[in-house]
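# Examination of the molecular architecture
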Amino acid sequence: MDLKRPATYADEPAPSLVRGLGLFDATMIVMGGIIGSGIFMNPYVVARQVTTPFLILAVWALGGLIALAAAFIWAELASLRPEVGGQYAYLREAYHPLVAFLYGWGLLLVIQTGGMAAVAVTFARYFLELTNLPIADWMVALLALGCLTVINCWGVRAVGSVQSFLMVLKIVAILGLIFCGLFLVGPQARSTGAPSALLDRPVSFNLLTAIGAAMVPVLFAYGGWQTASFVSGEIREPGKNLPRALIIGVTGVVILYLAVNFVCVRVLGVSGLANTTTPASDVMRIALGPTGARLIAAGIAISTLGFLSQSMLTAPRVYFAMARDGLFFKSVGRLHPKTKVPILAIILQGLLAIVIAISGRYEQILNYVVSVDFIFFGATALCIFIFRRRLKLNSVEAAAADNLNGPIANVPGHPVTTALFVAVCWLVVVNTVYRYPQNTLIGLIILLAGIPAFFFWRWRNSVR
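In this report, we go over the structure that sits alongside the text. (Residues numbered from 1 in each chain as written. Predicted model: local features only at pLDDT ≥ 70, side-chain atom pairs only at ≥ 80, totals over all residues. Heavy atoms only, no water.)

The contact between helix α1 (residues 23–34) and helix α8 (residues 156–183) brings their axes to 9 Å, and the two run at 60°. Our classification of the angle between α1 and α8 gives oblique. Note that α1 runs across α8; the crossing there is left-handed. Where α1 abuts α8, its residues Phe 24, Asp 25, Met 28, Ile 29, Met 31 and Gly 32 lie against Gly 160, Gln 163, Ser 164, Met 167, Val 168, Lys 170 and Ile 171. Looking at side-chain class alone, the contact of α1 with α8 contains seven nonpolar, four polar and two charged residues. (Axes fitted to C-alpha atoms, helices over the stretch in contact; angles between N-to-C directions. Helix = DSSP H or I, 4+ residues; strand = E, 2+ residues; numbered from the N terminus. Parallel < 35°, antiparallel > 145°, perpendicular 65-115°, else oblique. Left-handed = near helix turned anticlockwise from the far one by under 90°. Contact = heavy atoms within 4.5 Å. Nonpolar A, V, L, I, M, F, W, Y, C, P; charged D, E, K, R; others polar.)

The following block contains the structure:
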């Protein structure tokens, strides 16, 4: 028996999840986990830190390269460990069940639920702006989260279809923004362009810190690729399809993000971009008037709803895996006999997100976990070194992995690219600790509170 893993249900057989997601569905899940409402608004944050078109696009391109590096890292991890729970499973197998549990603990209590609550309220505000219904935004957020919870309980095929449909609508909305910015803007709007200089200041430490500050919202905008790994147990041929979905999906997002930022700079100019908090709405208003602003508001509402759908699909699989490891309520690790999905895990995620949305504390909660999230990103990337070393010690397993995965699962430039990605993640952590020490401390306290919870669940499981 593996001493590093807790006993599970007195060695009950693993549940039979339905592998109902193909390559297209998995790719849409990858893209849906990345694209929320941020790309429609975040460009102005970058423009306030770096003030030339070259630097703005260069920062987004650099963020895209980092995201692609992450996609290749998670692709190799997915091919080596195509297990239920994804990132949770990688951390468990590489380090210790405690590390994986703390990740799932943070995901459930703060990271995923706080993010879902914030996005649900964003959806509600755009929905109310479009419909003018006389109800509170938290009520719309509650209804959205409730409906998605119910849909996810129907089965992975049903929710996979819904997620793919919403993701296609997202892409259409972004392509519409790009088209309008390129072809429907008059000369007057284009005349507000920014200076043609490549750099806005001499190469110096000040320039590097400005680029570093601009990278923070960019990296957050590109985040979310890892959540697709949570549903690896429901993807057909996960050792092949999940790596491909990660690489194709992240590449598609990078192209869309660069195009959106090019359009924003072209239409608004750098100064105009820096002086607005709604760049996508401004571009569409210039192109199509009030109708354009309403159309992009609808696009943002659809985008946020799609992000919620993806989150509701993916995260509960982590809690399901925790329960199967004997580290959570046993009932959370059960599948519905007909739909073959972990209904209680899905309901738990939905209820916690609803509670946080109604409380209005989601923005404060999200501030607590920025550093924690990136600590786990870096730790997960380091799993590549551990798994590769184990494969070398087991030539039979290594040969089998090579035959299964092929070159698509290999991280290009490893170990340099992997080490650079880890360094970037932990630089974000250092920067966050420096700028927001109080929030970081609260986040760490929440995380450390999971340690006694872990030992409680192990004890509870051992005495049964």
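So, about the layout of surface pockets. There is about 500 Å³ of room inside the second largest pocket. Lining the second largest pocket are 18 residues, and of these Leu 208, Ile 211, Gly 212, Ala 213 and Leu 427 sit closest to its centre. Elements with a contribution of two residues or more to the lining of the second largest pocket: α4 (53–80), α10 (205–222) and α19 (416–435). For the lining of the second largest pocket, the element with the most residues is α10, which contributes nine residues. Of the residues assigned to the lining of the second largest pocket, the class counts are 13 nonpolar, four polar and one charged. (1 Å grid on protein atoms, 1.4 Å probe; cavity = no way out; pocket = protein on both sides within 12 Å on 5 of 7 lines; lining within 4 Å. Points joined across faces, edges and corners; volume = space filled by probe spheres on them.)

Here we take up the pattern of salt bridges. Considering all chains together, one arrives at seven salt bridges under this definition. Taking the shortest distance from any N to any O, the salt bridge between Arg 92 and Asp 325 comes out at 2.7 Å. Residue Arg 92 is found in helix α5 (residues 87–94), and its partner Asp 325 is found in the loop between α14 (316–324) and α15 (343–359); the two are separated by 233 residues along the sequence. Judged by its relative accessible area of 3%, Asp 325 is buried. For the salt bridge of Glu 234 with Arg 317, the shortest nitrogen-to-oxygen distance reads 2.8 Å. Pair noted here: Glu 234 is in the loop between α10 and α11 (238–274) and Arg 317 is in helix α14, with a separation of 83 residues, a long-range link. (Salt bridge = Lys/Arg side-chain N within 4 Å of Asp/Glu carboxyl O. Buried < 20%, exposed > 50% of the residue type's maximum accessible area, 1.4 Å probe, protein only.)

Worth remembering: the numbers are spatial, not functional.
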